[in-house]
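Report on the structure
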Amino acid sequence: QISARSCMCAPGAYGGYGGHCYTCQSRYYCPGDGRRFYCHHRALSPRGSTSQSQCYCPNMNSQFPTVRKSMEPSSCQKYHCRTMSKCDMQNWCNSDKYCRGFTFQQGVMRGFGCKVRGLKSCLGSRKTSNVDFYEKSASAQMQDSVAMMRRMGLSVPECPKVGQPAVLFQHCWPRAFRGWQWKSVLYQGNYPYPHSSTCDNDEKLCKVSHCGLRGGDLSSMDIPSNMKVELYSAVNFGGSKITLYGPMNADHNCLTKFRINGWHSWNDRARSVKVLPK
């Protein structure tokens, strides 16, 4: 493995001083000048690698399958920007549910990069750049939500009143309790965290101010004939589920009639709601 011209080890090996050459181990590369270079934290390389271009980050192709060379999304937000190993940036973004991908300096394993976040639509806006953009796999990206908009400091619009709403009531036989029960008027949408002050509609990315709905305190509903309502026993559409179809009159269909897992009734059990067309 020793070059007769320079008495140095050939590329892919290191040493050579005193005549001994050693194959370059994984995580290193050896260009042939007797030295070996570390690929940087978390990075791997095949044994006998000769250049930094052979260093790679494990699982990069599966976690970040789309790489836009010399391109970055122009309307997404950059955050947590710093100099670090590319593989550390990959791991950092992959463990952050709000991160949609990251930008990173071209041609290096350690450089300056930024995590990127935003609504999914921001990924379609692109501009040329001196960095590459690594987009997280679609299945690992968080769904758009009103909570995400607030985290980003975006203004959340009021939901438009389109179509026929479902009307949710605190009590059974609600017309008998005029004036001292809450009621909530909800148009089509997904409401993962209902609250008496504001109900976020993640389907339409808007909010219903003063919506009145309280999780775990719902007893009856008016549902139009062309709509259905899905109730969930946990926030964010978790737990048990029941689907109720319109037309439904709150005065004749108390949730005590409907069983959850065949045991308890759905009265005062719903903690997230979807209002959908049939």
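Look up a bit, the structure's there.
We now turn to the structure provided with this report.

Glancing now at the pattern of salt bridges. Summed over the entire model, instances satisfying the criterion amount to nine salt bridges. Residues E135 and R68 are paired through a salt bridge, measuring 3.0 Å at the closest nitrogen-oxygen approach. Highlighted residues: E135 in strand β11 (residues 131-135) and R68 in strand β5 (residues 66-68), separated in sequence by 67 residues. With a closest N to O distance of 3.5 Å, K69 and D132 form a salt bridge. Here K69 is found in the loop between β5 and β6 (71-73), whereas its partner D132 is found in strand β11, with 63 residues between them in sequence. By relative accessible area, which is 3% here, D132 ends up buried.

Here we come to the environment of A176. Note on placement: A176 falls in the loop between β12 (166-169) and β13 (183-186). Assessed through its relative accessible area of 62%, A176 is described here as exposed. Between the C-alpha atom of A176 and that of D251, which follows or precedes it by 75 residues, the distance is 8.8 Å.

A word on the nonpolar core. If you look at the biggest cluster of nonpolar residues, it comprises 26 residues, and the most contacted ones within it are L168, M221 and L231. Going through the elements one at a time, β12, β16 (206-209), β18 (227-234), β19 (238-245) and β22 (272-277) are the ones with two or more residues in this core. With three residues, the top contributor of residues to this core is β18. Y134, M148, M152 and L205 belong to the second largest nonpolar core, which has 25 residues in total.

Reading the values: rules and limits
Residues numbered from 1 in each chain as written. Predicted model: local features only at pLDDT ≥ 70, side-chain atom pairs only at ≥ 80, totals over all residues. Heavy atoms only, no water. Salt bridge = Lys/Arg side-chain N within 4 Å of Asp/Glu carboxyl O. Helix = DSSP H or I, 4+ residues; strand = E, 2+ residues; numbered from the N terminus. Buried < 20%, exposed > 50% of the residue type's maximum accessible area, 1.4 Å probe, protein only. Core = buried A, V, L, I, M, F, W, Y, C linked by side-chain atoms within 4.5 Å.

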